[in-house]
Amino acid sequence: MSGFSIRPALESDAVAATEVIRAAYAPWMARLDDLPDITAGVVEEIGTARVWVAADDTGILGYLSAGFAEDHVHIANIAVHPDAAGQGIATALIAHVTDAARSAGVAVMWLATHRAMSRNVRFYERRGWAVSGREGSKVMMEYHLGR
């Protein structure tokens, strides 16, 4: 990593994190009428889930929220501000949550993306994730952690 660090999100990050999410999803929100409001509940996520941000001296660049269960981790949201694209932020956030999942003894991680976001599917597949199902507009993916 260069130029940014990853840390747990603070309640005071909620406004900036919401802006990152909004900017990251803006092109999709304009085109996909079945995409849920991905900015809803950021404050609650920070308070109840494991949430990390990637930040540099200019502010929040990326956001990842995950729910930890006994046997899996569900990545609920990951977003990188378009101005920070290509810096390895999403990869670093995923590596961070993967390390946390391994430390927690979890065997599998899950996430869902939209079928129209085929670039996301390819991004995850290049990192070892596999499509595990499709339901409506959702593409479900999973990543098995070696123990």
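Before reading further, recall that the structure is shown in the block above.
In this text, all values refer to a predicted model and were calculated from it rather than measured experimentally.

Within the chain one finds four helices and seven strands. Taken from N to C terminus, the helices and strands of the chain fall in the order β-α-α-β-β-β-α-β-α-β-β. A burial count over the chain gives 42% of its 147 residues as buried.

A few words now on helix 4 (residues 118-125). Residues of helix 4 that are buried include every one of V121, F123 and Y124, and no others. Buried positions in helix 4, seen along its axis, are confined to an arc of 160° and lie on one side of it.

Take a positive patch on the surface next. A cluster of basic residues, R119, R122, R126 and R127, forms a positive patch on the protein surface. With respect to the helices and strands, R127 occurs in the loop between helix 4 and strand 6 (130-135). A relative accessible area of 30% means that R127 is categorised as partly exposed.

In this section: the sheet that holds strand 5 (residues 108-114). Across the sheet, which stays open at both edges, the seven strands sit in the order 1-2-3-4-5-7-6 with mixed pairing between neighbours. Across the chains shown, the open sheet's two edge strands, defined by having one partner strand only, are strand 1 (5-8) and strand 6. Adjacent strand axes in the sheet meet at a mean angle of 25° when their direction is disregarded. Along the sheet, helix 3 (residues 89-103) makes contact with strand 1, strand 2 (50-56), strand 3 (59-68), strand 4 (72-80), strand 5 and strand 7 (138-144), crossing strand 3 at roughly 30°. Along the sheet, helix 4 contacts strand 4, strand 5, strand 6 and strand 7; its crossing angle with strand 7, the most-contacted strand, is approximately 10°.

This next bit is on the packing of aromatic side chains. Evaluation of the coordinates by the stated rule reveals four aromatic pairs. Relative to Y124, the ring of F123 has its centre 5.2 Å away and its plane inclined at 80°; by these criteria the two rings are edge-to-face. Note on F123: relative accessible area 17%, which makes it buried. Given the relative accessible area of 7%, Y124 is considered buried. When the ring of W129 is compared with that of Y143, the centres are 5.6 Å apart and the planes differ by 35°; the resulting orientation is tilted. Residue W129 is found in the loop between helix 4 and strand 6, and its partner Y143 is found in strand 7; the two are separated by 14 residues along the sequence. Taken individually, W129 and Y143 each receive the classification buried, so the pair is uniform in this respect.

Definitions and cut-offs
- Residues numbered from 1 in each chain as written.
- Predicted model: local features only at pLDDT ≥ 70, side-chain atom pairs only at ≥ 80, totals over all residues.
- Heavy atoms only, no water.
- Helix = DSSP H or I, 4+ residues; strand = E, 2+ residues; numbered from the N terminus.
- Buried < 20%, exposed > 50% of the residue type's maximum accessible area, 1.4 Å probe, protein only.
- Arc of directions from axis to C-beta.
- Patch = residues over 30% accessible without salt bridge, like charges linked within 9 Å, V, L, I, M, F, W, Y side chains within 5 Å.
- Areas by Shrake-Rupley, 256 points an atom, 1.4 Å probe, with all protein chains shown as cover.
- Salt bridge = Lys/Arg side-chain N within 4 Å of Asp/Glu carboxyl O.
- Lys, Arg positive; Asp, Glu negative; His and termini not counted.
- Charge placed at Lys NZ, Arg CZ, Asp CG, Glu CD.
- Pairing = 2+ DSSP bridges.
- Axes fitted to C-alpha atoms, helices over the stretch in contact; angles between N-to-C directions.
- Contact = heavy atoms within 4.5 Å.
- Phe/Tyr/Trp six-rings, centres within 6.5 Å; stacked < 30°, edge-to-face > 60°.

Geometric values such as these leave the question of function open.
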